[in-house]
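Coordinates in review
Here is what each chain is made of, one letter per residue.
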Amino acid sequence: MKKSLVGFLIFISMFLGFQFLNTPVQAAVTPTVNYSVSPESATNQIDKKVGYYDLKVSPNQKENIKFKINNNSASTQSYDIQINRATTDVNGVIVYNKHGVKPDHDLKYNIENLVTYPKNVNVPAKSSKEVTVGIQAPSGHFEGELLGGILVEENNQINNKKKVKGVSLRNKYDYVLGLQLQQSTDTVKPDLKFDKAFQVTTNSDQISVEGQMDNDVPELEKKVSVDAQITPKNSKKIILKSDKKNMSIAPDSKFDYPVNVNTPSGTGKNKRLKPGTYTMYLNVKANNGQNAWKMKRNFTISSRENKQLNKKVPNRSHDLWIILGAIIAMVIIAGSVIYIYRKRR
């Protein structure tokens, strides 16, 4: 009987441990790519060495640019086409995969409204098809760059969330040709603002405080570095910090720079900021250090906000004590049973 009880305790301990520690796993699977996209040169190309459209335009100028979709598969394929304004993701990378993003309040001309193109193209097997994009340059003068991208995506790609033994599979691939319009190559004086700081969480259980910066001019900011620190308000004690280099900020776009509060897994997963008011400091440099900003913003975390956050990312900080308490209770019960059993014998 003693051996049976010990075995039972081991089983229960392992079961409890797995119940609290088991988490799903996600993996990305590289798809097979059976197509490519190639630009055709334009006569008003500014830099002929780059593999994207860098065009000098005049007010009211109309022009057509062309590119080819090359279908290398053994069957006819359908391709979706979008031309999207450049935006900045949380990694400080310029992306072109979102259409109709709410523009910055001072965006003078949206490149998405200056182009016409087919939204879908069919290409026969083992062949290429030429696609024409019409450009209508703005009627007025503009400084800097209007930056976007021509996104081409094959239609029949697998884009599912199929789970195989706890692994989430995602297959998707697209091509982007950059599209930049300029009336002049003169640089525009950078103007970066710190709009606000706020706490967010992602699907990967990552909690962060993001500092939203606004690139207020139509100029691509390159070689951007950020040194961020967070302190309680009116305190010099640094409780969170982050730094990153070699980033970019798209023209007239928002950049939400994250400072992680917790880690998606491990001992740091349960870390939280207590309700209260904090200050986020940003030390930003751009264009190889030619431009620099030191900015700060206060932000508040409420008890209600943390309560909602804990519903999305459960706080497991007390789980270990629960497990240990359950094991101790079972050991006491088992000891009592053994004692009574021996006494009766």
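Before going into details, it helps to say that this report is about the structure given with it. (Residues numbered from 1 in each chain as written. Predicted model: local features only at pLDDT ≥ 70, side-chain atom pairs only at ≥ 80, totals over all residues. Heavy atoms only, no water.)

**Structural notes on unusual backbone geometry**
The phi angle at Lys223 is positive, at roughly 50°, despite the residue not being glycine. When you line up the elements, Lys223 lands in strand β17 (residues 221-232). Using a relative accessible area of 46% as the deciding quantity, one classes Lys223 as partly exposed. One non-glycine residue, Asn246, lies in positive phi territory at about 60°. With respect to the element layout, Asn246 can be found in strand β18 (residues 240-249). (Helix = DSSP H or I, 4+ residues; strand = E, 2+ residues; numbered from the N terminus. Buried < 20%, exposed > 50% of the residue type's maximum accessible area, 1.4 Å probe, protein only.)

**Observations regarding the sheet that holds strand β8 (residues 115-116)**
Here we have four strands laid out as an open sheet, ordered β2-β4-β10-β8, and antiparallel in their pairing. Unpaired on one side and paired on the other, β2 (35-39) and β8 mark the two borders of the sheet. Across ten bridges, the pairing between strand β4 (residues 62-71) and strand β10 (residues 127-136) is antiparallel. Of the residues in β10, the one forming a bridge with Asn70 is Ser128. (Pairing = 2+ DSSP bridges.)

**Digging into the nonpolar core**
The nonpolar side chains of soluble globular proteins are, as a tendency, buried together. In this structure, Phe67, Ile150, Leu179 and Leu181 are the most contacted members of the largest nonpolar core, which totals 30 residues. Elements with a contribution of two residues or more to this core: β2, β3 (53-56), β4, β5 (77-85), β9 (120-123), β10, β11 (146-154) and β14 (174-182). Of all hydrophobic cores here, the second largest spans 29 residues; its members include Ile249, Tyr257, Val259 and Val261. (Core = buried A, V, L, I, M, F, W, Y, C linked by side-chain atoms within 4.5 Å.)

**Quick look at the sheet that holds strand β21 (residues 291-301)**
If you walk across this open sheet you meet the four strands as β18-β17-β20-β21, and the pairing is antiparallel. On the outer flanks of this sheet lie β18 and β21, each paired with one strand and no other. Taken pair by pair, the neighbouring strands of this sheet meet at an average axis angle of 20°, ignoring direction. Pairing of β17 with β18, which is carried by seven bridges, proceeds in the antiparallel orientation. (Axes fitted to C-alpha atoms, helices over the stretch in contact; angles between N-to-C directions.)

**Brief notes about the environment of Ala42**
In this structure, Ala42 sits in the loop between β2 and β3. In the structure, Ala42 is positioned twelve residues away from Asp54 in sequence and 8.9 Å away in space, judged by C-alpha atoms. If near-sequence neighbours (up to four positions away) are discounted, Ala42 is found in contact with Lys48, Leu55, Glu63 and Ile65. (Contact = heavy atoms within 4.5 Å.)

**Brief notes about the packing of aromatic side chains**
Taken as a whole and assessed by the stated rule, the structure comprises six aromatic pairs. Taking the centre distance of 5.1 Å and the plane angle of 50° together, the rings of Tyr35 and Tyr79 count as tilted. Placement of the pair is Tyr35 in strand β2 and Tyr79 in strand β5, with a sequence separation of 44 residues. Each member of the pair, Tyr35 as well as Tyr79, carries the same accessibility label: buried. Summarising the aromatic geometry, the rings of Tyr109 and Phe142 are spaced 6.2 Å apart at their centres and angled 70° between planes, so their arrangement reads as edge-to-face. With a gap of 33 residues between them, Tyr109 in the loop between β7 (94-95) and β8 and Phe142 in the loop between β10 and β11 connect regions that are remote in the sequence. With respect to burial, Tyr109 and Phe142 carry one shared label: buried. A cation sits over an aromatic face here: Lys119 above Tyr117, 4.3 Å from the ring centre. A cation over a ring is seen here: Lys196 above Phe198, with NZ or CZ 5.4 Å from the ring centre. (Phe/Tyr/Trp six-rings, centres within 6.5 Å; stacked < 30°, edge-to-face > 60°. Lys NZ or Arg CZ within 6 Å of the ring centre and 35° of its normal.)

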